[in-house]
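# Working through the structure, step by step
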Amino acid sequence: MINLKGEKHGTVTVHISNKNFEITTLRIKERLEDATDPSMWQTDASKRDLTVNAMFLDFNGSLYDYFNGYNDLLEKRVVFVDDAFSRITEDYLRILRYFRFYGSLAEEPFKYDESTLKIIKAYAAGLSVISELMLEMIECDIPQYWGLIEKANVDEFKRACSAVKGKSNLNPISLAVALLNNVMEAIKMHERLKLTSFERDLSFFIIQEQDKVDKTYIGLNDYQ
């Protein structure tokens, strides 16, 4: 089965044996002109975010690896292509992708490359633009098209976002639930997103108890 929804972006998803495989074209502008030119593949690889995402395999099984991605994969290392500064300042979302792949590949938590982490800390503020865009989307009622809620609880979401600043141990579902208005919406979110039992129960609890914040519950940790 082939999913062609991403075709206009140069990507199709092929579903084989209960697994999804994303097949994508080159990222460079000339990608539709001559994809057989080897130099184009190296140029394309240089524009990828991580070395493990910058490898290519041809129909004969030959691996094209310009940035040591194969060895990084074997060693379970997450490394930016070329240098972290260039890749991050091109697209701040790559900070999130770095931690996403680190969580998937790394064998030991919190053993990040110190130089990479230093650059991420220096430019983490770039993600604020993304969070502001997300808030604008919420205020424009975009969440209704996510198939979860008709109208987001913007005031509660803003309050929750403000309250959790500086708290790193918060379960992500806590903020997601802040968008909801009632338990029925929480049930719908659970059915659609297939939450864990803990996330489901936590979301129900937050919805039922959120009007007690700053009243019955003294601190945010008691609440979320």
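For the structure, see preceding data.
What comes next is a walk through the structure. (Residues numbered from 1 in each chain as written. Predicted model: local features only at pLDDT ≥ 70, side-chain atom pairs only at ≥ 80, totals over all residues. Heavy atoms only, no water.)

### Considerations on the overall build of the protein
Where we set the bar: Secondary structure elements follow DSSP: runs of H or I no shorter than four residues count as helices, runs of E no shorter than two count as strands, and numbering proceeds from the N terminus. Throughout, a contact is declared for two residues whenever any of their heavy atoms are within 4.5 Å. Each accessible area value is a Shrake-Rupley result obtained with a 1.4 Å probe; residue values ignore everything except the protein chains displayed when judging cover.
The secondary structure content of the protein amounts to 11 helices and five strands. For the protein, restricting intrachain contacts to residue pairs at least 6 apart in sequence, the fraction spanning at least 24 positions comes to 42%. When the accessible surface of the protein is totalled, it reaches about 15,100 Å², and 54% of it is carbon and sulfur.

### Remarks on the side chain of T116
Among the structural elements, T116 can be located in helix α5 (residues 114-123). When neighbours within four sequence positions are excluded, T116 is seen to be in contact with F80, A84 and Y98.

### A few points about the nonpolar core
Under the convention used in this document: Only buried Ala, Val, Leu, Ile, Met, Phe, Trp, Tyr and Cys residues count toward a nonpolar core, and they belong to the same one when joined by side-chain atoms within 4.5 Å. Residue exposure (1.4 Å probe, protein chains only): buried if accessible area is under 20% of the type maximum, exposed if over 50%, otherwise partly exposed.
Ranked by internal contacts, the top residues of the largest apolar core, which has 16 residues, are I173, V177, L180 and M189. Elements with a minimum of two residues in this core: α7 (154-163), α8 (173-177), α9 (183-193) and α10 (197-209). If sequence neighbours within four positions are ignored, L180 has contacts with I149, N153, E185, A186, M189, I207 and Q210. Within the second largest apolar cluster, 13 residues are counted, among which are A84, I88, I95 and Y102.

### Examining α10
Stated formally: To estimate the expected span of a helix, count its residues, drop one, and scale the result by 1.5 Å.
An ideal rise of 1.5 Å per residue puts 18 Å on 13 residues; α10 measures up with 18 Å between its terminal C-alpha atoms. Looking at α10, one finds that the buried residues are L202, S203, I206, I207 and E209.

### Quick word on the pairing of strand β2 (residues 11-16)
This is how it is decided: When DSSP locates at least two bridges between a pair of strands, those strands are taken to pair.
Strand direction decides the pairing type here: β2 and strand β3 (residues 19-24), joined by six bridges, are antiparallel. If you follow V14 over to β3, its bridge partner there is F21. Between β2 and β3, which pair antiparallel one after the other, the connecting turn spans two residues, and S17 there sits at a positive phi close to 50°.

### What about the packing of aromatic side chains?
The line we're drawing: In summary, the pairing rule links any two rings of Phe, Tyr or Trp, Trp by its six-membered ring, whose centres are within 6.5 Å, and it sorts them by plane angle into stacked for under 30 degrees, edge-to-face for over 60 and tilted for everything else.
Scanning the entire structure with this criterion turns up eight aromatic pairs. Cluster of aromatic residues (ring-pair linked, three or more members): F80, Y98, F99, Y102 and Y112.

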